[in-house]
Each structure stands twice: as C-alpha cells, then as structure tokens.
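Understanding the architecture of this molecule
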Amino acid sequence: MTRSVCVDPELDVTCTLVRAGDLAAGRRLLAQTRDDAELRCLRVSEVSDAAVDRVDELARLSESSPDDPDLAVWLGTTRIRQGWRVRGASRAEYVSRTQFEQFWQILGGARDPLVRAAELLPADPVPWDSLQWLGLGLESDRAELDDIWAQLSRRTPNLYAGNYSRVQVLCEKWLGSNGEVLEFADGLADRVPAGDPMTALVVAAHLEAASEADWPLASYFQSPAIRDHLVASADRWAANETAHIRTPEAHHLFGAGLFLAGDHDRARRHLAQVDGKVMPERLPWVYPLNYCPGYDYLSVRRQLRLS
C-alpha cells in the first residue's frame, strides 16, 4: 500500500506499462503535464516509483534525448527513489555504512538531470521539489535547502508536494526544529484558501514534532491545545473543501490526526472518504507502531468500524 491515493486511471495504466518496460508510455504521460504543476508533480512521483527497476534503461533514453525536460526530471527523481529504497526509511542510526555508501552513490547521479530539467523548463517547480529530497539525502546544509525552496516557491508557492517536502526540511530530525515546522504549517494554513488540502499539513508537522517528543504519540495529540487546534483546522477545511487531486491525502492526514487526538467521530468522517486498501506513500501512516500501539492504517479503520 504505497501508491498514490489520488484517482488517476491514466496514471495507473501508465505505471503498469512502465513496470513492464514501456518507458515511452511514461514519457508521453509526462509530456501532457507541463502546464499543470500539481498533476505533473504527482505523475512524476508515481512513474518514478514505477521505473526504479528500469533506471538504467531510463538513463539511456534520457541521454539519447538530452533536450527533453520530461525525461530529465523523470530520471533524476527515479534515481532519488532508487536511493531511498536502498537506504530505507529508518533513522540514520539504524542504517548501515554500506547502505549509506550505496545511497549516496545513487543520489550522486540525480543532480545533473534535475538541474538540466530546471534549465529546459524554467517555470517548472517539480525539479526543485525533487532537489529538496536530494538535498536531504545528501545532507546538504540549510542554506542550500533554503535556496532550493526559494526557487520552488517563486514558481509555484502553493504546490502541495513542495510544501510537504519543506515540512520535512524544517522538522527537527532534519534541518529545523519543532517550533519552526509548526510555525510554517500554521502560517501555510492561514495563507491558503480555507478548502485547500495544504491546510492538512499541520497534521504532518505535528506528527514530526510528536516523533521527537519523549511521550507517546497519542498523548501528544490528545493534549487539549493540539486536539482543539486540529479540530478547528479540520472543520474549517471540511466546510470549504474544494476539488483537488491532493484532497484524499488531506483526508488521510486529518483522519489520522483526529484519531490520535481521540475524536473518532471526526476521524471516521474523513477516512470514510478514502480507499480502505490504499494509503499515502509517506505520512501519516509510516511511523513505527511503538509510537502508538494499533496505529496503522488497517487497524485504525477497523477501530473506526470502516472495514
């Protein structure tokens, strides 16, 4: 359960073709998205996952068409996905030296195609989003990540995936602090329209802050100030919800946050809106169960009587 939660039948078909070796299908799909940053970001992410086992073929295809920005951003992002697959999602202290060396070696091949993609399609924010993940993986300093963020936000400040990635940069386990990431998420929720799914990134910020706390995940979310804040944010978003390809992810985030906060009625309403068998690739369901026993997607749905 690691694919996109967004409904995109054309993307699903293309990913199947890419896994079977039809890279031309992925190239055609991405070429359709140059004027839609949200759709492009989502599709680049998914076809990159699909192409991880064919990254050498993709590299040869990109080398044969060096002026194609779609192939360049696809190749760079696929190499990042390949690297993170080798590293794994564990904290650094649980990653072996061998894994890190392989990880960094793979990531070393991602920068050039991403920079080329950014040069070939100057208005495209997607290479800059991938460069945020590359910078985290290569342990770049904060100034470099801030520069990348400035480039991304100058192009498309309200790109969902770009702001999600920025939350990661600003959290304490990477290059920021609990206070900074929470301030960013709250400011984002205040800035975007009330029905924008980025409002739900406040839950992502609290999940990151809670993972650094010395107390259980549920206890953190059930503190009155945090619970009331999440309830207010979720209700404001739900009352103004707008059609958006990232809306399912917002339902997952608010559903998870409200479940942890103990508001099962609200959590149920959000999670009833999403597929019971498909969950987002990253937050909100990726944290180890020792943070909160029973906190995994299928268990939560059973507890909410949704499956």
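Residues numbered from 1 in each chain as written. Predicted model: local features only at pLDDT ≥ 70, side-chain atom pairs only at ≥ 80, totals over all residues. Heavy atoms only, no water.

On to the environment of Val73. Mapped onto the fold, Val73 is located in helix α5 (residues 69–87). What makes Val73 buried here is its relative accessible area of 0%. Separated by 10 residues in the primary sequence, Val73 and Glu63 place their C-alpha atoms 12 Å from one another. Not counting residues within four places of it along the chain, the set of residues in contact with Val73 comprises Arg40, Val44, Pro113, Leu114, Ala117, Val126 and Pro127. (Helix = DSSP H or I, 4+ residues; strand = E, 2+ residues; numbered from the N terminus. Buried < 20%, exposed > 50% of the residue type's maximum accessible area, 1.4 Å probe, protein only. Contact = heavy atoms within 4.5 Å.)

Turning our eyes to something else, we now look at the nonpolar core. Formed by 90 residues in total, the largest nonpolar core has its most connected members in Trp74, Phe221 and Tyr295. The greatest single-element share of this core, amounting to eight residues, is contributed by helix α12 (residues 201–211). If near-sequence neighbours (up to four positions away) are discounted, Trp74 is found in contact with Val18, Leu23, Gly26, Arg27, Leu30, Val47, Ser48, Ala51 and Leu58. (Core = buried A, V, L, I, M, F, W, Y, C linked by side-chain atoms within 4.5 Å.)

Throughout the structure, instances matching the rule amount to 20 salt bridges. We note a salt bridge from Arg266 to Asp235, for which the minimum N-O separation is 2.8 Å. Of the two residues, Arg266 sits in helix α16 (residues 264–271) while Asp235 sits in helix α14 (residues 224–239), which places them 31 residues apart along the sequence. The exposure class assigned to Arg266 is partly exposed, which follows from its relative accessible area of 23%. Note on Asp235: relative accessible area 32%, which makes it partly exposed. Here Arg266 and Asp263 are joined by a salt bridge, their closest N and O atoms 2.8 Å apart. Residues participating in the shared-partner salt-bridge network are Arg34, Arg40, Asp70 and Asp124. (Salt bridge = Lys/Arg side-chain N within 4 Å of Asp/Glu carboxyl O.)

Let us now look at the environment of Trp285. Examined against the element boundaries, Trp285 turns out to sit in the loop between α16 and α17 (297–303). C-alpha separation for the pair Trp285 and Val73, spaced 212 residues apart in sequence, amounts to 27 Å. For Trp285, the contacting residues outside a window of four places in its chain are His252, Ala256, Leu271, Met279, Pro280, Tyr295, Asp296, Tyr297 and Val300. In terms of polar contacts, Trp285 uses its side chain to reach the side chain of His252, at 3.0 Å. (Polar contact = N/O pair within 3.5 Å; in protein donor to acceptor, adjacent residues only side chain to side chain.)

The next subject is the packing of helix α1 (residues 9–19) against helix α2 (residues 23–31). Running from N to C, α1 and α2 point in directions that differ by 150 degrees, and their axes come no closer than 7 Å. As far as their axial angle goes, α2 and α1 are roughly antiparallel. Along this stretch, α1 crosses α2, giving a crossing that reads as left-handed. Counting all contacts with α1, which are made through Glu10, Leu11, Thr14, Leu17 and Val18, the residues of α2 involved are Leu23, Ala25, Gly26 and Leu29. For the contact of α1 with α2, a count of residues per class yields six nonpolar, two polar and one charged. (Axes fitted to C-alpha atoms, helices over the stretch in contact; angles between N-to-C directions. Parallel < 35°, antiparallel > 145°, perpendicular 65-115°, else oblique. Left-handed = near helix turned anticlockwise from the far one by under 90°. Nonpolar A, V, L, I, M, F, W, Y, C, P; charged D, E, K, R; others polar.)

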